[in-house]
Amino acid sequence: MAYHTLRHEYMQMPPVTRAYTTACVITTVAVQLDVVSPFQLYFNPLLILKQFQVWRLITTFLFFGNIGFNFLFNMIFTYRYCRMLEEGSFRSRTADFVMMFFFGASLMIIWAFFINLLFLGQALTIMLVYIWSRRNPYIRMNFFGVLNFQAPYLPWVLLGFSILLGNTPWVDLMGIAVGHCYYYLEDVLPQHRANLKILKTPLFL
């Protein structure tokens, strides 16, 4: 009975959210079982350009560290805000949602060539949180029952929490910057430039 309930809930997830979170969990479990090594997954420009290990452009977004608090924390936020975006402002616009992923991941990879960051999954999560928070500015948030604030402050609260856990701030700052770039191009610019739309979803999507 529990299996059927779990399977039903899993299949109820929107397709992009289901595909991405599943890929993240499978990658982490594979590392945990020593099927693959993190050294085969991290972002390395030299190996990508000189040895054509192009899979690193994808796997850098799929590994959130070994199973533990940090992994669970990131996966909860990834699943939650990815799903709320896909079922909210991107409802019936799956192709546009995929385009958002492509845009964010591409921009992060370009910046990662100049900033020494090994894994970009957390940055992608913060990007999702940022875009959702800017599109839902009046929602009141509560963080661990301690802080009360409106949604646009959530990425900055997560940044502060990440620093308290001893993580580098650059990953979260990259996610915020890329999220703002997408939000500006998609939501702000068209309102001020006569419906000018720079980001256009390719027809093949």
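Residues numbered from 1 in each chain as written. Predicted model: local features only at pLDDT ≥ 70, side-chain atom pairs only at ≥ 80, totals over all residues. Heavy atoms only, no water.

1. A word on the UniProt feature "transmembrane region" (unreviewed entry) in the protein chain
Now for step 1: With numbering matched to this structure, UniProt assigns "transmembrane region" (unreviewed entry) to residues 20-42, 54-77, 97-130 and 142-165.
Now for step 2: Structurally, residues 97-130 is divided into 76% helix and 0% strand, and its ends, taken at the C-alpha atoms, are 15 Å apart.
Now for step 3: Taken end to end, residues 142-165 is 46% helix and 25% strand, and its two terminal C-alpha atoms sit 19 Å from one another. (UniProt positions renumbered as here; feature names shortened; annotations may be inferred. Helix = DSSP H or I, 4+ residues; strand = E, 2+ residues; numbered from the N terminus.)

2. Looking at a nonpolar patch on the surface
Now for step 1: Together, Leu 49, Ile 110, Phe 113, Phe 114, Ile 115 and Trp 170 make up an exposed nonpolar region whose accessible area comes to about 670 Å².
Now for step 2: For Leu 49, the position within the fold is in helix H3 (residues 45-50).
Now for step 3: For Leu 49, a relative accessible area of 55% translates into the label exposed. (Patch = residues over 30% accessible without salt bridge, like charges linked within 9 Å, V, L, I, M, F, W, Y side chains within 5 Å. Areas by Shrake-Rupley, 256 points an atom, 1.4 Å probe, with all protein chains shown as cover. Salt bridge = Lys/Arg side-chain N within 4 Å of Asp/Glu carboxyl O. Buried < 20%, exposed > 50% of the residue type's maximum accessible area, 1.4 Å probe, protein only.)

3. Side note on the pattern of salt bridges
Now for step 1: Counted by the stated rule, this structure contains four salt bridges.
Now for step 2: Note that Glu 186 and Arg 93 form a salt bridge whose closest N and O atoms lie 3.9 Å from each other. With Glu 186 in helix H9 (residues 169-192) and Arg 93 in the loop between helix H5 (69-87) and helix H6 (94-112), this pair connects stretches of sequence that are 93 residues apart.
Now for step 3: A salt bridge links Asp 187 to Arg 135, with the shortest nitrogen-to-oxygen separation between them at 2.8 Å. Of this pair, Asp 187 sits in helix H9 while Arg 135 sits in helix H7 (residues 121-135), and the two are 52 residues apart along the sequence.
Now for step 4: Connected through shared salt-bridge partners, Arg 93, Asp 96 and Glu 186 make up one network.

4. Some thoughts on the packing of helix H8 (residues 154-164) against H9
For any two helices packed against each other, the geometry is given by the interaxial angle and the distance between the axes.
Now for step 1: Following both chains from N to C, one finds H8 and H9 inclined at 170°, their axes separated by 9 Å at the closest point. Classified by the angle between their axes, H8 and H9 sit roughly antiparallel to one another. By crossing handedness, the relation of H8 to H9 is classed as right-handed. On H9, the residues touching Pro 155, Trp 156, Leu 158, Leu 159, Ser 162 and Ile 163 of H8 are Pro 169, Asp 172, Leu 173 and Ile 176.
Now for step 2: For the contact of H8 with H9, a count of residues per class yields eight nonpolar, one polar and one charged. (Axes fitted to C-alpha atoms, helices over the stretch in contact; angles between N-to-C directions. Parallel < 35°, antiparallel > 145°, perpendicular 65-115°, else oblique. Left-handed = near helix turned anticlockwise from the far one by under 90°. Contact = heavy atoms within 4.5 Å. Nonpolar A, V, L, I, M, F, W, Y, C, P; charged D, E, K, R; others polar.)

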